[in-house]
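Commentary on secondary and tertiary structure
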Amino acid sequence: MSQDLPPVAPSVTAELVAALTPRLRKRLDAGIAKLAARPAVRDGDTVRIAVDDSTDLELHAPDGTVTSGAAIRCGCLLAPDCLHRAAAASAAPIAEPVAEGATSGASEADDSARREANSETRRDSSLAFASDAQRTAAQGLFQATAAALDAGTDGAGAVVQAELLRAAHTARLAGLPRAAASAVSVVTAVRAARSADPAYRLTDLVSALTDVLTVAHRVPYATGPELTELRGTVRQPYTPDGSLRLYGVFSEPVLSATGYAGAVSWTADAEGRLYTVSDVAPGGSGRAVGAADRAVRIGDTALTHRELSRAGLAVSGATVSPTGRLGAGATVRAVRASGAGWGEEPLDRLWAEPVADQVSRALDGGHGLLFLDVTLAGTVRESAGDVLLADCAGLTLRLAAAHDHPALPHRDNLRLLAAAPGTRLRVVARLVPAPQSRALLLACAHPTDPGGHLDLGLDRLRRADLPAAATPSTAAAALCSSDEAPLHLLRRRVHQAASGGRRVLAFPGSAASDDRRLSDRGLATAADLLDDLHAAAADRARDPFGRLLPADTDRFARAWLAAARYTEEIDRALCAAAWRAGRRLPVPAARTD
């Protein structure tokens, strides 16, 4: 039901949950599940839920977002401090933050706190020190995130989520938008995991947890440029960029665990610089599937995203964000123009850049896209499903589906491409930092239609589109058994803790053998981090009467963060080395069926 509800501001959810009595807090998760079974009916700016035959619950979102507790009203006898209001807020998607100054619906106290924090930030900016408010907010955010990590996705119910949302709201008011956004991402990922949302990815949760803990840990000690980066910005500024002549490259659907969906179209100018046009808003898989056939939101053009990926665009009065996103302000004008094929100028130059240079740019914080010429080689089975093997200038690549949601054709298209080994294709993929050469497949040249291409998240490949007689590539036969450094032993524990909480690492098991394997392969630091992680998970002191004291969640969070950051940096280093080496990586034997 969450996709039928309007997004709710994090502060509203935190406020309503905090107002519950201890008895109602214990019933909150059950209340959310019960409410999810009730139909939601939208009437203009109001969404109405029939709690029972005589009680209605209403969410008012005049601007598309619920921004105050008063906008959620219930007709039951316990209102306004009833379970229903808190359950509705906890079940709804989390709203994106409003830009500074757009504080409609916020309390005067919030406005005052924001102004005070901004004033402190400006005073301290010349010295580049964190303010007292930022240090306090960072400490509270670390503790709330540590509690969520301690519980894991299974144990982090609505109350734990609300505490983290409250800490995120406080951090935003204190001028720490990056940490606040990461904390909200943690909550949305936890919700997706608990609801078995197909859009959920454990790696996204691990990434969000790592970022929020990193920022919260470093802010009290950081200065200068590091502190500026840790603080982040609420909104990316758009700057004028004059007139642009753009050529469509491809489009991809967006379907996130945060309750947002839509499409993004990628374009390039004559020099090969990339620009994006996006249409992302609250919604589910239906919005992601249908976004391709909606008109792009820029100027007066009637081009759809599907059409823009193959056509061109002439823009005047363009405004562009630092990440290349095109603004859609009232002064921007855009008309349709001719496009170019992937093998024609200026798009051909995207594939002419050396692969190692593309990977280095992606690892340094670039857009992450790779433009590759590959030869399909077969498939290999992994725990998350089959991946497509391909040869790229001597490298054996693993190309995985960009999204696993059944409403999107990524996985089906990957299976069909795997049935055509020996086929040479141009592809667009997104780099995945990993010890192997690995990327998510986004688009490919049409196998039998020269000059055409397929957006693999929007277009469905058919068997008739494949070559009549593809010949197996020698790349598949050359693959051999894996002999990689066993860094996965540490990474697996990091992921297990994020999913199952501290308790999954608190039991005696294979820690000693894993330590030995890591040490024997020269990964002494990884072995020490794994040992410290297990020790922190199992550390439970007792009081003088022999009763267990509460676990030290902060210690466990610090040990987990050290292990997560280590694996993240090692993965980046191994990824760069793998792509730069120009050699085949040993992987399990491939299937070519």
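The structure this text deals with has already been given above.
So, here is what we can say about the structure in this document. (Residues numbered from 1 in each chain as written. Predicted model: local features only at pLDDT ≥ 70, side-chain atom pairs only at ≥ 80, totals over all residues. Heavy atoms only, no water.)

1. Observations concerning the overall build of the protein
For clarity, the cut-off: Put simply, DSSP H or I for four residues or longer makes a helix, DSSP E for two residues or longer makes a strand, and each gets a number counted from the N terminus. Each residue's exposure class comes from its accessible area (1.4 Å probe, protein chains only) as a fraction of the maximum for that residue type: buried when under 20%, exposed when over 50%, partly exposed otherwise. Whether two residues are in contact is decided by their heavy atoms, any of which lying within 4.5 Å being enough. The accessible surface values rely on the Shrake-Rupley method and a 1.4 Å probe; as for residues, cover is taken only from the protein chains in view.
What the protein contains, in helices and strands, is 21 helices and 15 strands. Across the 593 residues in the protein, those meeting the buried criterion constitute 51%. Of the contacts made within the protein by residues no fewer than 6 positions apart, 66% connect residues no fewer than 24 positions apart. Looking at the protein as shown, the accessible area adds up to about 26200 Å², and 52% of this sits on carbon and sulfur atoms.

2. Re the pattern of salt bridges
We count it as follows: For this document, the term salt bridge refers to a Lys or Arg side-chain nitrogen within 4 Å of an Asp or Glu carboxyl oxygen.
On inspection of all chains with the given rule, the structure shows 33 salt bridges. A salt bridge links D269 to R273, with the nearest nitrogen and oxygen atoms 2.9 Å apart. Take D269: its relative accessible area is 4%, and that puts it in the buried class. Residue R491 is joined to D571 by a salt bridge in which the shortest nitrogen-to-oxygen separation is 2.6 Å. Separated by 80 residues along the polypeptide, R491 in helix α17 (residues 488-500) and D571 in helix α21 (residues 553-581) bring together distant segments of the chain. Side by side, R491 and D571 carry an identical accessibility label, which is buried. If you follow the salt bridges from partner to partner, you end up with D293, R306, R310, D455 and D459 in one network.

3. Let's talk about helix α6 (residues 132-155)
Note the following rule: Here the expected length of a helix is defined as 1.5 Å per residue gap, with one fewer gap than residues. The seven residues ending at a residue and the seven starting there each receive a fitted axis; the angle between those axes is the bend at that residue.
Here α6 spans 32 Å end to end across 24 residues, near enough to the 34 Å set by a 1.5 Å rise per residue. Remark: the principal bend of α6, roughly 50 degrees, maps to L149.

4. Points about the packing of aromatic side chains
The test is simple: The pairing test for Phe, Tyr and Trp rings, Trp by its six-membered ring, is centres within 6.5 Å, and the orientation test on the planes gives stacked under 30 degrees, edge-to-face over 60, and tilted for anything in between. We call a charge positioned over a ring when the NZ of a Lys or the CZ of an Arg lies within 6 Å of the ring centre and within 35 degrees of the ring normal.
Taken as a whole and assessed by the stated rule, the structure comprises 3 aromatic pairs. Ring centres 6.1 Å apart and planes at 5 degrees place the aromatic pair F250 and W266 in the stacked group. Here the residue F250 occupies a position in strand β5 (residues 239-255), and W266 occupies one in strand β6 (residues 260-268), the gap between them amounting to 16 residues. Across the pair, W266 and F250 agree in class, each one buried. The ring of Y247 carries R245 above its face, with NZ or CZ at 4.3 Å from the centroid.

5. Observations concerning the sheet that holds strand β8 (residues 312-320)
Quick reminder of the rule: Whether two strands pair comes down to DSSP finding at least two bridges between them. Fitted lines through C-alpha atoms give the axes, limited to the stretch in contact for helices. The angle between two N-to-C directions lies from 0 to 180 degrees.
If you walk across this open sheet you meet the 5 strands as β7-β6-β5-β8-β9, and the pairing is antiparallel. Whereas interior strands pair on both sides, the edge strands pair on one side only; in this sheet they are β7 (274-282) and β9 (333-337). Sheet twist, expressed as the mean angle between neighbouring strand axes with direction ignored, is 35 degrees.

6. As for the pairing of strand β12 (residues 395-401)
The buried count for β12 comes to 7 of 7 residues, which makes it a mostly enclosed element. Summarising the sheet, strand β11 (residues 385-392) and β12 pair through 5 bridges and their orientation is antiparallel. Bridged to D391 within β12 is T396. Counting the residues that bridge the hairpin from β11 to β12 gives 2 residues, and of these A393 lies at a positive phi of roughly 50 degrees. Relative to strand β14 (residues 438-445), β12 runs parallel, the two being bridged by 4 bridges. Looking at the pairing, A400 lines up with L440 of β14.

7. Thoughts on unusual backbone geometry
In this chain, A79 is followed by P80 through a cis amide linkage whose omega measures 10 degrees. Here P80 lies in the loop between β4 (72-74) and α4 (83-91).

8. What about the nonpolar core?
Stated precisely, the cut-off is as follows: What is meant by a nonpolar core is a set of buried Ala, Val, Leu, Ile, Met, Phe, Trp, Tyr and Cys residues, joined one to another through side-chain atoms within 4.5 Å.
Formed by 63 residues in total, the largest nonpolar core has its most connected members in L141, L164, V186, L213, V219, F556 and W560. When contributions to this core are tallied by element, the ones reaching two or more residues are α6, α7 (158-173), α8 (177-194), α9 (202-218), α10 (224-231), α17, α20 (524-538) and α21. The element that contributes the greatest number of residues to this core is α6, accounting for 9 residues. Sequence-distant contacts of F556, defined by excluding residues within four places in its chain, comprise L149, A497, R502, L505, L533, A536 and A537.

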